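What follows is the residue order along each chain.
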Amino acid sequence: MNELDIYYRALRQLRTETATNDKCRRFTSAVKRAETDGDALCAHRTRCHIEEDWVEFIETHLPYVEKAIKEDRQFIRREGETVDIGKAKKVSRDSVEHLARHSEMITHVPEEDEMLIPDKIYITENTSNYTVYENRFLYLLLTFMSDFVEMRYSKIAELGNSYHADLKTRKRVVMGKRRVEMELHFTEQAKSDPYADKNDRTSTMIERVEAIRVITNMLLMTPLMKEVSKAPMISPPITRTNVLRMDNNFKYAVELYDYLVAYQGDGYTVEVLDTEQQPFGDALENEIDELVALLSYLTYKHGTGMGKDLEQRWIAQELEQQKKAEQARRARLDQLRERAHESSASMEEYLLALEEQNKLLERNAEQMRAATEALQKSIEQKAQKLSAVYYEQCDQKFREKREALIASYENKLEDKDAELQEMSEAREQAQHAAEGLTARVHALQYKMGIVPEEDTTTREYVAQLEREYGWFVEMFEKNWKLTKKRIRKDILWSPGKKDRS
């Protein structure tokens, strides 16, 4: 069942349901009585018919072109040169004959039991050249045929089985306190109409043309044609060589080339089919009226937000109908059972009714199973959404707490770093003071002639002396700065100095 069948069945079912309701009939009748001046339908369809003569001619001659390519015609060229004997890889009969005619290549006489070895030797090499005239003709034929087919195929694909429709309608309906206005302008274009493609007789012809395109491109991609494409392309007119005239495969290839060059027609014809309805016909008018009613329902449903209520009412109605049908079937079964007791001839009918009842129960069970699965899937989706929201909330709280803890520990680390800095500075000051005291003690010991008991030539002792010396120099500089300030203060800025000035 394709798309058109589905919509056709759905529309028939809709019209069947609305035809049994008085309100629906009154509304569609009011729509039908509205003005029809703006109603118009214009549809254009094109059908492309491919002429079979050129397609059949190519199909009958194309196998011979393929056979001609498989012949791999080539021209063997023999080239020779004189080289040093050390560079010669292979000696042929031509080399010996050339050496017999050119004895000047033998410059020394061999001793007894030695081989005659010339200083130079003539070598030959055979090379295959595939760019012969016949192969170049095949390449010309394939390229021309590819352009010939591709040009027509593109036009056929562009024009064939296209569809264009334009529909306009304007409806104004007044029913008591209810007023409905609708204005519709619908346009549709389709380059390839699937219904027309399926029912068109030329579809097989299109497939044949596509096959020719594929085979032609494959032949152009063969190694022989790739090699020939590097050579200059021959230009018309074609020289009828012996191979082109006598070889059977090449002879049919020449016939195909002559046919394609002489062909003047387009190879196809286009048929245009127009459909116009202004105003609409009765069938289209009735269906458009149903469309207006359906649009009115959809607008009201989504405008008022009563979709869920309608869904629940529909489910209740379906259950009620199923219940009534079940009661009717059970009543029929009871009646058949009674008849089966009275007459054995009704037993077969009773069994058929039971079988029908079992099939119905199976269908109902399948529907319930599908509904259960859909409900379970919906619950799982909602649970996933809720879990995702909960996870995001927890993750946000965790990130906030983590950032707060990190900030708190960073502040504590900064405080600890400041304390460590102060303790390090105090330690350095205490170490300097201790080293200063040690230096004074050592100085007093040397002044009094007291020789230290420990070894004063060790590395550790000398390093200690260097630190003490450094501290002494630093202390001396600081004290000297303070002394100079004191001298300037006591002498240069004394009261007697001010009086003298």
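About the thresholds
- Residues numbered from 1 in each chain as written.
- Predicted model: local features only at pLDDT ≥ 70, side-chain atom pairs only at ≥ 80, totals over all residues.
- Heavy atoms only, no water.
- Axes fitted to C-alpha atoms, helices over the stretch in contact; angles between N-to-C directions.
- Helix = DSSP H or I, 4+ residues; strand = E, 2+ residues; numbered from the N terminus.
- Left-handed = near helix turned anticlockwise from the far one by under 90°.
- Contact = heavy atoms within 4.5 Å.
- Nonpolar A, V, L, I, M, F, W, Y, C, P; charged D, E, K, R; others polar.
- Expected span 1.5 Å × (residues − 1).
- Buried < 20%, exposed > 50% of the residue type's maximum accessible area, 1.4 Å probe, protein only.
- Arc of directions from axis to C-beta.
- Polar contact = N/O pair within 3.5 Å; in protein donor to acceptor, adjacent residues only side chain to side chain.
- Bend = angle between axes of the 7 residues up to and from the residue.
- Phe/Tyr/Trp six-rings, centres within 6.5 Å; stacked < 30°, edge-to-face > 60°.
- Pairing = 2+ DSSP bridges.
- Patch = residues over 30% accessible without salt bridge, like charges linked within 9 Å, V, L, I, M, F, W, Y side chains within 5 Å.
- Areas by Shrake-Rupley, 256 points an atom, 1.4 Å probe, with all protein chains shown as cover.
- Salt bridge = Lys/Arg side-chain N within 4 Å of Asp/Glu carboxyl O.
- Lys, Arg positive; Asp, Glu negative; His and termini not counted.
- Charge placed at Lys NZ, Arg CZ, Asp CG, Glu CD.
- Core = buried A, V, L, I, M, F, W, Y, C linked by side-chain atoms within 4.5 Å.

Student: Looking at this structure, I do not really get the packing of helix 5 (residues 133-159) against helix 7 (residues 203-220). What am I missing?
Tutor: Two quantities define a packed helix pair, namely the angle between the helix axes and the distance between the axes. At a closest axis distance of 10 Å, the pairing of helix 5 and helix 7 adopts a crossing angle of 150°. Seen along the crossing, helix 5 lies across helix 7 with a hand that is left-handed. In this structure, helix 5 uses Tyr-139, Leu-142, Thr-143, Met-145, Ser-146, Val-149, Glu-150, Tyr-153 and Ile-156 to contact helix 7, whose residues at the interface are Ile-206, Val-209, Glu-210, Ile-212, Arg-213, Thr-216, Asn-217, Leu-219 and Leu-220. Here the residues of the contact of helix 5 with helix 7 sort into eleven nonpolar, four polar and three charged.

Student: Which parts of the structure should I look at to understand helix 10 (residues 248-262)?
Tutor: Given 3.6 residues to a turn, an α-helix orients residues that are three or four positions apart in the same direction. Taking 1.5 Å of rise per residue, 15 residues should cover 21 Å, and helix 10 covers 21 Å from first to last C-alpha, within 8% of that figure. By the burial criterion, the buried members of helix 10 are Asn-249, Phe-250, Ala-253, Val-254, Leu-256, Tyr-257 and Leu-260. With its buried residues spanning 160° around the axis, helix 10 presents them on a single face. Summarising the contacts, the buried residues of helix 10 are in contact with helix 3 (52-70), helix 5 and helix 9 (242-246). Regarding helix 10, its N-cap is Asp-247, as a side-chain oxygen of that residue lies 3.0 Å from the backbone nitrogen of Asn-249 further along.

Student: What's the story with helix 3 in this structure? I'm lost.
Tutor: For helix 3, which comprises 19 residues, the first-to-last C-alpha distance of 28 Å matches the rise-based estimate of 27 Å (1.5 Å per residue) to within 8%. At His-61, helix 3 shows its maximal bend, which comes to roughly 30°, and the proline Pro-63 appears one to four places after that position.

Student: Can you help me understand the packing of aromatic side chains in this one?
Tutor: Counted under the stated rule, the structure contains seven aromatic pairs. Between Trp-54 and Phe-148, the ring centres sit 5.8 Å apart and the planes meet at 75°, which makes this aromatic pair edge-to-face. With a gap of 94 residues between them, Trp-54 in helix 3 and Phe-148 in helix 5 connect regions that are remote in the sequence. Under the relative-accessibility criterion, Phe-148 is labelled buried at 5%.

Student: Please explain the pairing of strand 1 (residues 40-50) as it appears in this structure.
Tutor: Two faces, one strand: in a regular strand the side chains alternate between the faces of the sheet. Where strand 1 meets strand 4 (residues 163-175), six bridges bridge the pair, whose relative direction is antiparallel. Across the sheet, the residue bridging to Ala-43 is Ala-165, located in strand 4. Of the strand pairs in this sheet, strand 1 and strand 6 (residues 268-277) are connected by ten bridges, and their pairing is antiparallel. Directly across from Arg-47, in strand 6, lies its bridge partner Glu-271.

Student: For this particular structure, what's the right way to read a negative patch on the surface?
Tutor: A contiguous patch of negative charge on the surface is contributed by Glu-410, Glu-414, Asp-415, Asp-417, Glu-419, Glu-422, Glu-425 and Glu-428. Looking at the element boundaries, Asp-415 is found in helix 13 (residues 347-447). A relative accessible area of 48% places Asp-415 in the partly exposed class.

Student: Would you explain the nonpolar core in this entry?
Tutor: The tendency in soluble globular proteins is for nonpolar side chains to be buried as a group. Among the nonpolar cores identified, the biggest contains 39 residues, and Ile-58, Val-65, Phe-137 and Leu-138 are the most heavily contacted of them. Every element with two or more residues in this core is listed here: strand 1, helix 3, helix 5, helix 7, helix 8 (223-228) and helix 10. Sort the elements by how many residues they give to this core and helix 5 lands first, with eleven residues. If near-sequence neighbours (up to four positions away) are discounted, Ile-58 is found in contact with Met-145, Phe-148, Val-149, Ile-212, Leu-256 and Leu-260. Judged by nonpolar contacts, the second largest core, of seven residues, contains Phe-27, Ala-30, Val-31 and Val-292.

Student: Would you mind showing me how to read the pairing of strand 4 here?
Tutor: Here strand 4 runs beside strand 5 (residues 178-190); their pairing, made up of 13 bridges, is antiparallel. Residue pairing across strands places Tyr-163 opposite Ala-190, the latter belonging to strand 5. Two successive antiparallel strands, strand 4 and strand 5, enclose a turn made up of two residues, where Gly-176 displays a positive phi of approximately 65°.

Student: Would you take a moment to explain unusual backbone geometry for this structure?
Tutor: Both trends apply: most residues other than glycine have a negative phi, and most peptide bonds are in trans. Omega for the bond connecting Pro-236 with Pro-237 falls within 30 degrees of zero, at 0°, which places this linkage in the cis form. Inspection of the secondary structure assignment puts Pro-237 in the loop between helix 8 and helix 9. Geometrically, the link from Gln-278 to Pro-279 is a cis peptide bond, its omega value of 0° lying close to zero. Note that Pro-279 resides in the loop between strand 6 and helix 11 (282-304).

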